[in-house]
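Analysis of the macromolecular model
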Amino acid sequence: MSGKDRWYKPKVKASGAQRESEGVVVPAMGVDENASGGKGPHFGHAGGVETREGMAGQTGPSDPSGREPVDKVRYLQRRLWAAAKRSPGRRFHALLDRIYRRDVLEEAWKRVRANRGAAGVDRKTVADVEAYGVERMLDELQAQLRAGTYRPAPVRRQAIPKPGGGMRPLGIPTVRDRVAQQAAKLVLEPIFEADFLPSSYGYRPKRSATEALERIRVGFNRGYAWVVEFDIRGYFDSIEHERLLRMVEQRLSDRRVVKLVRLWLKAGVLENGQTRETVTGTPQGGVISPLLANIYLHELDQRWAEQGIGELVRYADDGVVLCKSQAEAETVIRDINPVLRGWGTYFRTGNAATKFIQIDTYVWRRLHHFLVKRQGRNLRPGQADRWTSDWLYSQGLYRLRGTIRYPEVRNRA
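This is a predicted model, so every value here is computed, not measured.

Section: the overall build of the protein chain
Counting its secondary structure elements, the protein chain contains 16 helices and eight strands. With 413 residues in all, the protein chain has 50% of them scored as buried. Of all intrachain contacts in the protein chain linking residues separated by at least 6 positions in sequence, the fraction that spans at least 24 positions is 76%. When the accessible surface of the protein chain is summed, it comes to about 20,400 Å², and 51% of that surface belongs to carbon and sulfur atoms.

This is the structure we're talking about:
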């Protein structure tokens, strides 16, 4: 994980510029209505209308009154979430027919239309689709998804200003592809939401930057007076596709849906009139990209929870670790090694050599800074010069460089 971090005593305050979570609102089981300002629908599952709309092993309605919600999409989501929560190891099958269900596609269109957005590579706007005929477009999309002939268009790449300066690449799918991604998100998000940990706040239902700030404020009042801040540089552009797909498959056994996700990842990017292949990353701007990004970082959340080093509060690729002492917050070898070793073991297969070297350099520089700061006025002339990377490795610091394993090498062995 490359990026920047720093520790300090926090001054917690509300922020006017916040990145609100996207997607549906996760209800408490048995609650039918969204919170004020929510973007509905709730997680649910539709059953009893058509065989295709139900799920095996149905239970009764989640509503305490025994009434089934009128919104079938909401009901579908609720039942998927409940089934995933009850069975953490379950892999869901036969999901594609739910993605191209007509009510799901219609709900997806409503959300895409409400968000408006720019045109993709085909230069067709939401208004153009309405002129063409929404029902006609949905009929064609449904037929393509059902027959397995759907193919997404390349994403149009556009640079937009970042609030703190610089530019951020934004990927803009076509309106048709946004509808398809939104339909998939409506069905898949409840399944993965059942697994996500409370430490994750970004782009999740019923969670926001405001709640992440509140978690930090509450932690400060509970004695977590030191904070390590980090961000993952270039995260959305560096996600490894095959590893992400394996994570998706931990919950999905429907190969058609996995193929659909793969198509979106490999759709390519049109920039400055040139189309190029996408080897890594999931474009910011794609409807399903935030969900895929959270699936990928769920591994980090789990590993951090297992290590028990402070309390993690993460918003997408930014985060802080709340600590109760300065000693706990500072990057010491004994605490770093398990994290580096676990992260390296998980990501060592493939083309991660450059990233591993960057992380090694980042870690030893931070440790060098820590040693200098700890010595303070007692630092002797020339003492800091001997705290090189080799010296730190001789003290037992784990080195990621040289741990890459390639599948073909392993197979030959």
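Some words on empty space enclosed by the protein
The full count for this structure, using the stated rule, is three cavities of 30 Å³ or more. Approximately 90 Å³ is the volume attributed to the second largest cavity. Around the second largest cavity sit 15 residues that line it, and Val-155, Pro-173, Gln-181, Trp-264 and Pro-283 are the ones nearest its centre. Going through the elements one at a time, α6 (175-193), α10 (255-265) and α11 (289-307) are the ones with two or more residues in the lining of the second largest cavity.

Here's the deal with the confidence of the model for the protein chain
Looking at the protein chain, pLDDT values average 78 and 72% of them are 70 or higher. A low-confidence stretch, residues 11-69 stays under pLDDT 50, and its non-local contacts, those more than four residues away or across chains, total 161 contacts. This stretch, residues 409-413, has a pLDDT under 50; its non-local contacts, to residues over four places away or in other chains, come to one contact.

Quick word on α11
If you check α11, its first and last C-alpha atoms are 28 Å apart, about what 19 residues at 1.5 Å a residue would give, namely 27 Å. In the structure, α11 departs most strongly from a straight axis at Leu-297, where the bend amounts to approximately 35°. Counting buried residues in α11 gives 14 out of 19 residues, a clear majority hidden from the surface. Gly-308 sits one or two positions beyond α11 and adopts a positive phi of about 70°.

Topic: the environment of Arg-91
Mapped onto the elements of the fold, Arg-91 is located in the loop between α1 (72-86) and α2 (96-99). What makes Arg-91 partly exposed here is its relative accessible area of 42%. Between the C-alpha atoms of Arg-91 and Asp-254, which are 163 residues apart in sequence, the distance is 8.5 Å. Within the local environment of Arg-91, its side chain forms a polar contact with the backbone oxygen of Leu-252, the two atoms lying 3.1 Å apart.

Overview of the side chain of Glu-193
Secondary-structure assignment places Glu-193 in helix α6. On the accessibility criterion, Glu-193 (6% relative accessible area) is buried. In terms of polar contacts, Glu-193 uses its side chain to reach the side chain of Arg-204, at 2.8 Å.

Let's talk about the pattern of salt bridges
If you walk through the whole model with that rule in mind, you get 20 salt bridges. Where Arg-113 meets Glu-130, a salt bridge forms, and the shortest distance between an N and an O atom there is 2.4 Å. Residue Arg-113 is located in helix α3 (residues 102-115), and its partner Glu-130 is located in helix α4 (residues 126-132); the two are separated by 17 residues in the primary sequence. Each of Arg-102, Glu-106, Glu-135 and Asp-139 takes part in a single network of salt bridges with overlapping partners.

Thoughts on α10
Every buried residue of α10 is accounted for by Val-257, Val-258, Leu-260, Val-261, Trp-264 and Leu-265. Buried positions in α10, seen along its axis, are confined to an arc of 155° and lie on one side of it. Buried-residue contacts for α10 involve α2, α5 (134-147), α6, α9 (241-249) and α11.

Observations regarding unusual backbone geometry
With a phi close to 50°, Ala-94 is a non-glycine residue in the positive phi region. Within the secondary structure layout, Ala-94 lies in the loop between α1 and α2.

With respect to the pairing of strand β2 (residues 155-161)
On any regular strand, side chains alternate: one points to one face of the sheet, the next to the other face. By the bridge criterion, two bridges tie β2 to strand β5 (residues 269-271) in an arrangement that is parallel. Its bridge partner lying in β5, Arg-156 is registered against Leu-270. As paired strands, β2 and strand β3 (residues 167-172) are joined by six bridges and run antiparallel to one another. When the bridges of β3 are listed, Ala-159 appears paired with Pro-169.

Considerations on the sheet that holds β2
The sheet built from four strands is open, its strands ordered β3-β2-β5-β6 with mixed pairing. Edge positions in the sheet fall to β3 and β6 (274-276), since each of these pairs with one other strand and no more. Within the sheet, the average angular offset between the axes of one strand and its neighbour, ignoring direction, is 40°. The pairing of β5 with β6 spans three bridges and is classified as antiparallel. Directly across from Leu-270, in β6, lies its bridge partner Thr-275.

A few points about the nonpolar core
Nonpolar side chains tend toward joint burial in soluble globular proteins. Formed by 81 residues in total, the largest nonpolar core has its most connected members in Leu-95, Trp-109, Leu-188, Phe-192, Leu-252 and Ile-295. Counting residues per element, this core draws most heavily on α6, at 10 residues. Those residues in contact with Leu-188 that lie beyond four places of it in its chain are Leu-95, Leu-252, Val-257, Ile-288 and Leu-291. Residues Ile-359, Ala-384, Leu-392 and Tyr-393 belong to the second largest nonpolar core, which totals 12 residues.

Rules and cut-offs
- Residues numbered from 1 in each chain as written.
- Predicted model: local features only at pLDDT ≥ 70, side-chain atom pairs only at ≥ 80, totals over all residues.
- Heavy atoms only, no water.
- Helix = DSSP H or I, 4+ residues; strand = E, 2+ residues; numbered from the N terminus.
- Buried < 20%, exposed > 50% of the residue type's maximum accessible area, 1.4 Å probe, protein only.
- Contact = heavy atoms within 4.5 Å.
- Areas by Shrake-Rupley, 256 points an atom, 1.4 Å probe, with all protein chains shown as cover.
- 1 Å grid on protein atoms, 1.4 Å probe; cavity = no way out; pocket = protein on both sides within 12 Å on 5 of 7 lines; lining within 4 Å.
- Points joined across faces, edges and corners; volume = space filled by probe spheres on them.
- pLDDT = per-residue confidence, 0-100.
- Expected span 1.5 Å × (residues − 1).
- Bend = angle between axes of the 7 residues up to and from the residue.
- Polar contact = N/O pair within 3.5 Å; in protein donor to acceptor, adjacent residues only side chain to side chain.
- Salt bridge = Lys/Arg side-chain N within 4 Å of Asp/Glu carboxyl O.
- Arc of directions from axis to C-beta.
- Pairing = 2+ DSSP bridges.
- Axes fitted to C-alpha atoms, helices over the stretch in contact; angles between N-to-C directions.
- Core = buried A, V, L, I, M, F, W, Y, C linked by side-chain atoms within 4.5 Å.

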